[in-house]
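Secondary and tertiary structure notes
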Amino acid sequence: MSTATVTAPQWYRDPVSCLQSTFATVLLSAGHDPLEVLGAPLEFRHIPGDVRSEEFYFPCRVPDDPGASLAPFHPISARWKRPADPSDPLEPIRRAAELGVPTIAAVDNYHLPFRPAYQDVHAAHLVVVTGWDRERDMVHVSDAMPPAFSGPVSTQAFLAAWTSSNRTDGHEDLFSDRSIDGRHLHVELGVPFPVFTRDVLREVLRTNVERLTGTDSGPGRTGLAGVRLFTDDLTTRARDDDADGLAEAYPFGWNLQAQASIHGELLRTRGVLWDVPELCEAGRVAESVAHAWTGVRVTSAHGRTSPRECARDLRHHCDVLVRRYEEAARALGLAAEAL
């Protein structure tokens, strides 16, 4: 008997990673707007020693809960799990599909025929599993990241990707060297989801400003003080010829860059809808944070071959990033007052 596939709409923006795109699919499947949920926060958090070489690494406000950390203004929780029965590893995915629930699964792109990295580059990635076909021995997968794919892959290929050691082979090391190990995210969507009114967005902006400019109860280096510490440390590592230190900046910055970008989109679109120019301007400034991350991430990644030579350029990009976060904090405060 074949399982029915889950309805899994895809959602994608250029700066996002598989973390946002897969959560967006889960949210859309439940009837929620991913821009309102994933675009609400703007914060900075760097947890030294925590950064992992995975596309979906996120510095968690709530330890081991990327759902609550990614969407702090909504009742969402997500916990990593692994198959309990090695003889039937697909059981949790099959059971979720039978209940009509999509599953976010970690995979190694190297083993998936629809990924450009197939049989070329190992990279830890996320996809949404939408069903399982026993008769055809196929797993149904949805991946909104370019080139977008939605369809069946052989169970053999999926299991190879899902259980991969994701080893570093010297060809690419930004998203490899951490075993996939059958990990999948158990996402829980609670109630109620807030209606996104002007009052709700005003409180969201005030909280974001407090977290950027004041103290933060979460772990790591946070807010404007945190981004200054992070950028000072990164440029020091470049001057010290620390290639491994620079390598962390690329995966670390991706999802903070994505957060800033979709936060900006949310503010711009609501600013136009509600005719609040200060909100549109705050959106533009938030998106400039995302653009500033590009210089830091790309310079760090390419600078690994000769860290000292990139130190001056990296300092410049880091200074721009700090200024953009400072400008965003001010703009968000003005937008909150205007709402």
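Residues numbered from 1 in each chain as written. Predicted model: local features only at pLDDT ≥ 70, side-chain atom pairs only at ≥ 80, totals over all residues. Heavy atoms only, no water.

So, the nonpolar core
Considering soluble globular proteins, one finds that nonpolar side chains tend to be buried as a cluster. With 81 residues, the main nonpolar core has F23, L201, L205, L279, W293 and Y325 as its most contacted residues. If one sorts the elements of this core by residue count, helix α11 (residues 307-338) sits on top with 14 residues. Not counting residues up to four positions away in its chain, the partners in contact with L205 are H263, L267, L279, L332, A335, A336 and L339. L90, A105, W132 and W162 belong to the second largest nonpolar core, which has 15 residues in total. (Core = buried A, V, L, I, M, F, W, Y, C linked by side-chain atoms within 4.5 Å. Buried < 20%, exposed > 50% of the residue type's maximum accessible area, 1.4 Å probe, protein only. Helix = DSSP H or I, 4+ residues; strand = E, 2+ residues; numbered from the N terminus. Contact = heavy atoms within 4.5 Å.)

As for the environment of G220
Residue position: G220 is located in the loop between α6 (198-213) and β8 (221-222). Residue contacts for G220: discarding those within four places in its chain leaves H46 and I47.

Describing the environment of Q257
Looking at the element boundaries, Q257 is found in helix α9 (residues 249-274). Taking the relative accessible area as the measure of exposure, Q257 reaches 7% and is therefore buried. Between the C-alpha atoms of Q257 and H291, which are 34 residues apart in sequence, the distance is 7.7 Å. Q257 has contacts with A290, W293, T294 and R297, leaving out every residue within four places of it along the chain. A polar atom in the side chain of Q257 sits 2.8 Å from the backbone oxygen of A290. (Polar contact = N/O pair within 3.5 Å; in protein donor to acceptor, adjacent residues only side chain to side chain.)

Here's the deal with the pattern of salt bridges
All told, the structure shown has 25 salt bridges when counted by the stated rule. In this structure, E43 and R45 form a salt bridge, with 3.3 Å as the shortest nitrogen-oxygen distance. When the shortest N-O distance is used, the salt bridge between D50 and R52 registers 3.6 Å. When its relative accessible area of 25% is taken as the criterion, D50 is described as partly exposed. We classify R52 as partly exposed; its relative accessible area is 25%. Via salt bridges that share partners, D50, R52, E54, R178 and R183 belong to a single interconnected network. (Salt bridge = Lys/Arg side-chain N within 4 Å of Asp/Glu carboxyl O.)

Things to note about the sheet that holds strand β7 (residues 184-189)
Reading across the sheet, the 6 strands line up as β2-β7-β3-β4-β5-β6 and stay open at both edges, with antiparallel pairing between neighbours. With one partner strand each, in any of the chains shown, β2 (76-81) and β6 (149-154) form the two edges of the open sheet. Along the sheet, successive strands turn relative to each other by an average axial angle of 35 degrees, direction set aside. Pairing of strand β3 (residues 103-108) with strand β4 (residues 124-133), which is carried by 6 bridges, proceeds in the antiparallel orientation. The partner of V107 across the bridge, within β4, is H125. Docked against the sheet, helix α4 (residues 91-98) engages β3, β4 and β7, running at close to 60 degrees with respect to β4. Against the sheet, helix α5 (residues 155-162) makes contact with β3, β4, β5 (138-143), β6 and β7, and its axis sits at roughly 80 degrees relative to β3, the strand it touches most. (Pairing = 2+ DSSP bridges. Axes fitted to C-alpha atoms, helices over the stretch in contact; angles between N-to-C directions.)

A few points about the packing of helix α7 (residues 223-239) against α11
Between two packed helices, the angle of one axis relative to the other and the distance separating the axes together describe the packing. Axis separation between α7 and α11 bottoms out at 8 Å; the angle between their running directions is 175 degrees. Looking at the two axes, α7 sits roughly antiparallel to α11. Note on element contacts: α11 touches α7 through P307, R308, C310, A311, L314, R315, C318, L321, V322, Y325, E326 and A329, opposite L224, V227, R228, T231, D232, L234, T235, A238 and R239. In the contact of α7 with α11, the residues fall into 13 nonpolar, 2 polar and 6 charged. (Parallel < 35°, antiparallel > 145°, perpendicular 65-115°, else oblique. Nonpolar A, V, L, I, M, F, W, Y, C, P; charged D, E, K, R; others polar.)

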